[in-house]
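Chain by chain, the residues:
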Amino acid sequence: MTTTIDTTIHTLREEIASCETRLAELRTQLAAAEARSQTESRNEQKARKWPLEKDDYKRYGRQLILPEIGLQGQLRLKKASVLIVGVGGLGCPAAAYLAGAGVGTIGFVDGDTVDESNLHRQILHTTPKVGMSKVDSAIDYCKSLNPTLTYTPHRTPLTPQTALPTFTPYDLVLDCTDNPATRYLISDTCVLLCKPLVSASALRTDGQLMLLNHPSRPAGSVPARDSDSPPGGPCYRCVFPRPPPAASVVSCGEGGILGPVVGVMGVLQALEAIKLIAGGRRDRRYEPSLLLFSATADAPFRSVRLAARRPGCAACSARATVTRDALAGGSLDYVRFCGAVEPVRALGPGERVGAREYYAEEPDPDPDHVLVDVRDKVQFELCSLAGSINIPYSEIAATALPPRRRIYVVCRLGNDSQLAARRMKELGLGAGGKRWIGDIRGGLSAWREVDGEFPDYG
Ligand SMILES: [Zn+2]
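Keep in mind that this is a model prediction, so the values were computed, not measured.

Rules of the game
- Residues numbered from 1 in each chain as written.
- Predicted model: local features only at pLDDT ≥ 70, side-chain atom pairs only at ≥ 80, totals over all residues.
- Heavy atoms only, no water.
- Domains from an automatic or database assignment.
- Pairing = 2+ DSSP bridges.
- Helix = DSSP H or I, 4+ residues; strand = E, 2+ residues; numbered from the N terminus.
- Contact = heavy atoms within 4.5 Å.
- Axes fitted to C-alpha atoms, helices over the stretch in contact; angles between N-to-C directions.
- UniProt positions renumbered as here; feature names shortened; annotations may be inferred.
- Buried < 20%, exposed > 50% of the residue type's maximum accessible area, 1.4 Å probe, protein only.
- Donors = N, O, S within 2.8 Å, 3.2 Å for Na, K, Ca; no water.
- Tetrahedral: all angles 85-135°; square planar, octahedral: opposite > 155°, others 65-115°.
- Patch = residues over 30% accessible without salt bridge, like charges linked within 9 Å, V, L, I, M, F, W, Y side chains within 5 Å.
- Areas by Shrake-Rupley, 256 points an atom, 1.4 Å probe, with all protein chains shown as cover.
- Salt bridge = Lys/Arg side-chain N within 4 Å of Asp/Glu carboxyl O.

Engineer: Describe the domain arrangement of the protein chain, naming the residues involved and giving the relevant values.
Structural biologist: Domains assigned within the protein chain are domain 1 (80-221 + 231-338) and domain 2 (349-447). Centre-to-centre, using C-alpha coordinates, domain 1 lies 40 Å away from domain 2.

Dropping the structure here:
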């Protein structure tokens, strides 16, 4: 009996030992298989191509984690191409933010070179770059900011002949120019090529921003009644069918401009572009609006709803007269449409003297003549000629002139001075011809022929 039990115990022990040996073998095999699997998956991961470059995750990380951008938005930015027309106060900040955000291709159009008077607002240009092409200066900056993108230079001014081929390769256009003729040309070209346009402008302490031709539809296209697709957005001509009168157009050269004001508008253009591209919203319904910015207002931003496309619009309606052939063939004269600013010719030759002539002939001080400077008070305080008195153009009628026999009028460039002298005569200040009233040709700008040290404020 005892022997039988002993045998059973022995057999069971042997079986357990055998199972344990087998178990140990299986554990070893499992560990080996797991190790192999880990190596393989690591190799697989190494071989896997991430949708963005490794460095891009780091570079764009802070915007990638925003739900408004995310991986898909970043990929759309990478694939996108944006054309910036005008590399000045608007174009510079817009370009910097688009390059920073990773817009794959950025094109720059500008025929100008960097001038010292640009530097207070055109933030990509620097003092050592004065005289350099603005396009090259901007690309130079953007490359150092983000060398992973493609930058395309267009170093000549935009013309009706160059607009179509220049715009064609791009998805989106930013109008960063400062003259009405180019604004119409840019908008017309965008309509012809079905491209959305982010348009901005800034002057003195105010700015405007619009997203135009969005969604982009061919001229005159009407969505089918049962279609979900929204109609095309208005173009620049829909909003401004007629240009402002030429005389009322002040460029930055004449009107002042505050750097941060134009900077705000350029940054908003970049933001609008990034939202449009990253959000993949190119075809969505959009309520067109005009954003107005006023630096001096209590509430600096306000938005005005814009109407839909104008039924008779010359560019985007079914009756459009702006066609590819008309544009490329040069039959659309944008400068004439906007009215060329004619030089002022209000005085005759006997009523005008040159700066050198005045300097040579009129002793200072002289009881017989007075020099009236008709610039604004703020400009007069910047710099003025010795002995001159300041009567701003708008105050001529309300200010008594000193009783002198000769009145010389001077302004910055010699335009307002002619109008002021004529106005004085109309007011009877010429005393029936007994008193000579005339101006200094070329204004204070010409005075630098006499005194090279006289300040030039742009
Ligand atoms: Zn239109």
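So much for the structure itself; the text now carries on.
Engineer: An account of the sheet that holds strand 10 (residues 369-373) is requested, with residue identities and associated values reported.
Structural biologist: Strand order in the open sheet formed by five strands is 9-13-12-10-11, with parallel pairing between adjacent strands. Each having just a single partner strand, strand 9 (352-353) and strand 11 (389-390) make up the two edges of the open sheet. Most of the contacts of helix 15 (residues 416-426) go to strand 13 (residues 436-440), to which it runs at about 170°, and overall it touches strand 9, strand 10, strand 12 (406-410) and strand 13.

Engineer: Hey, could you go over the UniProt feature "active site" (unreviewed entry) in the protein chain for me, with residue numbers and the actual values?
Structural biologist: The feature "active site" (unreviewed entry), as annotated in UniProt, sits at Cys252 and Cys411 in this numbering. Tracing the chain through its elements places Cys411 in the loop between strand 12 and helix 15. Judged by relative accessible area, which is 4%, Cys411 ranks as buried.

Engineer: Account for the coordination of the zinc ion, with residues named and values stated.
Structural biologist: Within the protein, the zinc ion binds to Cys235 (SG), Cys238 (SG), Cys313 (SG) and Cys316 (SG); these donor distances fall in the range 2.2 to 2.3 Å. One way to put it: the four donor atoms around the zinc ion meet at angles of 94 to 120°, and that makes the site tetrahedral. Linear spacing of the donor residues for the zinc ion on their chain is C-x2-C-x74-C-x2-C. Residue Cys235 is found in the loop between strand 6 (206-212) and helix 9 (236-239), and its partner Cys316 is found in the loop between strand 8 (301-305) and helix 11 (324-328); the two are separated by 81 residues along the sequence.

Engineer: Tell me about a nonpolar patch on the surface, residues and numbers included.
Structural biologist: A surface patch of nonpolar side chains, about 260 Å² in accessible area, is lined by Trp50, Tyr57 and Leu71. The topology assignment puts Tyr57 in helix 2 (residues 54-59).

Engineer: Explain the sheet that holds strand 1 (residues 81-85) to me, using residue names and the numbers behind them.
Structural biologist: The strand order 3-2-1-4-5-6-7-8 describes an open sheet built from eight strands, whose pairing is mixed. A strand with exactly one partner marks an edge of an open sheet, and here the two such strands are strand 3 (150-154) and strand 8. Strand-to-strand twist in this sheet, taken as the mean axis angle between neighbours without regard to direction, amounts to 15°. As paired elements, strand 5 (residues 197-203) and strand 6 share seven bridges and run antiparallel to each other. Bridge pairing in strand 6 places Ser199 opposite Met210. Against the sheet, helix 6 (residues 134-145) engages strand 2 (105-109) and strand 3, with an angle of about 175° to strand 3.

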